[in-house]
Amino acid sequence: MVGTFSLTNPVLLVRDPRLVDKIMATDFSHFVDRGLASDAQASPIDLGLVTMTGASWKAARQKLSPVFSSGKLKTMFEQVSLTAQAIIGYIEKAGGAEMNVKEITSMYSTDVTASCFFGLDVGATLGADNEFRRQALRAFDMTYPQFLKFLLTLNLPSWIGRRLGGSLTPPDLAAYFGDIIAHAIKARKENDIRRSDILQLLLDIREKGTVEPTRSATAVDPDDEYLAMGGNRENKESSEFNDDSVAAHAYTFLTAGLDTSTLALCFCIMQLSLHQDVQEKARDEVRKVLGSKSWPTYLDLKAMSYLENCILETMRLYPAVAILFRQCTKDYTFEDGVTLKAGDSLVLPILGIHTDPNYFDDPMKYRPERHSESKFQRGTFFPFGDGPRICIGNFVASTIIFYKLPIK
Ligand code: HEM
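For every chain, the first residue of its written sequence is number 1, and the numbers climb from 1 along that sequence. Local features in this predicted model are restricted to residues of pLDDT 70 or higher, and side-chain atom pairs are both shown and tallied only at a pLDDT of 80 or more, whereas totals for entire chains, interfaces and linings draw on every residue.

**Digging into the sheet that holds strand β3 (residues 323–327)**
- Pairing is mixed in the open sheet, where four strands are placed in the order β1-β2-β6-β3. Single-partner strands in this sheet number two, and they are β1 (2–6) and β3. Adjacent strand axes in the sheet meet at a mean angle of 35 degrees, parallel and antiparallel pairs treated alike.
- Here, a strand pair is defined by DSSP locating no fewer than two bridges between the strands. What counts as a helix is a DSSP run of H or I of at least four residues, what counts as a strand is a run of E of at least two, and both are numbered from the N terminus. Where strand β2 (residues 9–13) and strand β6 (residues 345–349) come together, three bridges link them in parallel fashion. For every element, the axis is a line fit to its C-alpha atoms; helices are fit only across the contacting stretch, and the angle between N-to-C directions ranges from 0 to 180 degrees.

See below:
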């Protein structure tokens, strides 16, 4: 453990995988929050799972987890597949001309997000001058004043953060996505339409308080004892869904999922082009699994284990989220006597641990095989985080990334 400062804020940097695992999973009830300030009154669209805290986070996560079950995901698979086909068509149309991989992968991720999360038509965002895409990119393009505000809200006591006021999301951007969702909700109501997408599941939660379980559903959280703790004792207010929370969750899925999936896909394509031997091996597997088919089914993807290892190895070397933030929510004493008080901040360096020679041989080498050779020690490989606060979209992300890669 290393004591460090972020501006004036003391922060504990934890590098020991055993302790990292305790913080994320075993002793999670002491480290529930991330300490990312958000001002729901100034901007309700910012109040999604990433920034939510304590009991309200727990209640929302319990409701939202079934939305991302593998069973629900299968019903969205068709849209991911159609989007991948549209983007491949777009690449083919360019007739071998040089293309910017980041641009193409971002177009694809935006289009999947637009159709699966917001209910827009597949193919809607293809092309550089699409409005949804332009606005989505703005969500990641922080201006200097916004970045400064982000740094300050992260590092100064929360009452000062609140004084700085407002939201990190520019009001016109919040209004744009708020409008899209309001229109989609209205259109579905008026025309009595149901779609197999995340917006529909959010609307179901708002209407019925829950989503229908899918028979083959697998819970997203592998260790969700904390979520189950205390049953559903949350007060009604903290778990209520209204139009604002539907918009906030859909917007959070966009901001949490778009750039991360784009980066993983982009770096994976880069690694496959730098390692032609790996690419050939992956293509052989794809050809073998697909046989005479042009496009993989959900089950076909599951059979492409080498390609999966290529993605995992990419996320080891280029985790889209390089460090995790945690805030101590209940006083905690480590085995060596170091004590944290509620409110103290911690960081867990994903990138540092993923490339530490103590846990990975020749750590900077891109070697997908390592993911099937042996099981990694807990707390050493966590591109999606871990424990009850693990990335809720990890199945969706894997499918989005996976589907774009199998080209014979
Ligand atoms: C390759 C793609 C992705 C990567 C690498 C990634 C990574 C992460 C990481 C590291 C966290 C923090 C986990 C923790 O604190 O323990 C996280 C949280 C989260 N991610 Fe992702 N993510 C990806 C894609 C997605 C997608 C597609 C969605 C959309 C649904 C999504 C939604 C979220 C949300 C809502 C949270 C907050 C969960 C909570 O606090 O309960 N992510 N993600």
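Here the narrative resumes.
**Points about unusual backbone geometry**
- Unlike most non-glycine residues, D192 shows phi in positive territory, near 50 degrees.
- Counting through the fold element by element, D192 comes out in the loop between α8 (171–191) and α9 (198–208).

**Details of α9**
- Put plainly, a residue is buried at 20 or more neighbouring C-beta atoms within 10 Å of its own, exposed at 12 or fewer, and partly exposed in between, counting only other residues' C-beta atoms, which are placed from the backbone. Residues of α9 that are buried: I198, L199, Q200, L201, L202, L203 and I205.
- Elements that come into contact with the buried residues of α9 comprise α2 (54–64), α3 (70–93), α4 (101–116), α8 and α12 (243–274).
- Phi for G209, located one or two positions after α9, is positive at around 85 degrees. We call two residues in contact if the C-beta atoms placed from their backbones are at most 7 Å apart.

**Regarding the UniProt feature "binding site: heme" (unreviewed entry) in the protein chain**
- Sites flagged by UniProt as "binding site: heme" (unreviewed entry) map to C391.
- Position of C391 among the secondary structure elements: in the loop between α17 (370–373) and α18 (394–404).
- Filtering out sequence-adjacent residues up to four positions away, C391 remains in contact with F384 and G385. UniProt positions are given in the numbering used here, feature names are shortened, and annotations may be inferred rather than shown by experiment.

**A look at the site of the ligand**
- Taken together, 26 residues surround the ligand, and among them G257, T260, G385, C391 and G393 come closest.
- Elements supplying a minimum of two residues to the shell around the ligand: α12 and α18.
- Sort the elements by how many residues they give to the shell around the ligand and α12 lands first, with seven residues.
- For this classification, the nonpolar set comprises Ala, Val, Leu, Ile, Met, Phe, Trp, Tyr, Cys and Pro, the charged set comprises Asp, Glu, Lys and Arg, and every other residue, Gly included, is treated as polar. When its residues are assigned to classes, the shell around the ligand shows 17 nonpolar, six polar and three charged. Any residue qualifies as near a molecule or strand once its backbone-derived C-beta atom lies within 6 Å of it.

**Things to note about the nonpolar core**
- Judged by nonpolar contacts, the single largest core of 66 residues is most densely connected at F118, A250 and A264.
- Every residue in contact with A250, bar those within four places of it in the chain, is listed here: F117, F118, I181, L199 and L202. Joined through C-beta atoms within 7 Å, a set of buried Ala, Val, Leu, Ile, Met, Phe, Trp, Tyr and Cys residues constitutes a nonpolar core.

**With respect to the packing of helix α13 (residues 276–290) against helix α15 (residues 305–317)**
- Interhelical geometry of α13 versus α15 gives an angle of 140 degrees and a closest axis separation of 8 Å. Here α13 lies oblique to α15, going by the angle between them. Here α13 contributes V278, K281, A282, E285 and V286 to the contact with α15, which in turn contributes Y306, L307 and C310.
- Its residues placed into classes, the contact of α13 with α15 shows six nonpolar, no polar and two charged. Orientation labels follow simple angle bins: below 35 degrees gives roughly parallel, above 145 gives roughly antiparallel, 65 to 115 gives roughly perpendicular, and whatever is left gives oblique.

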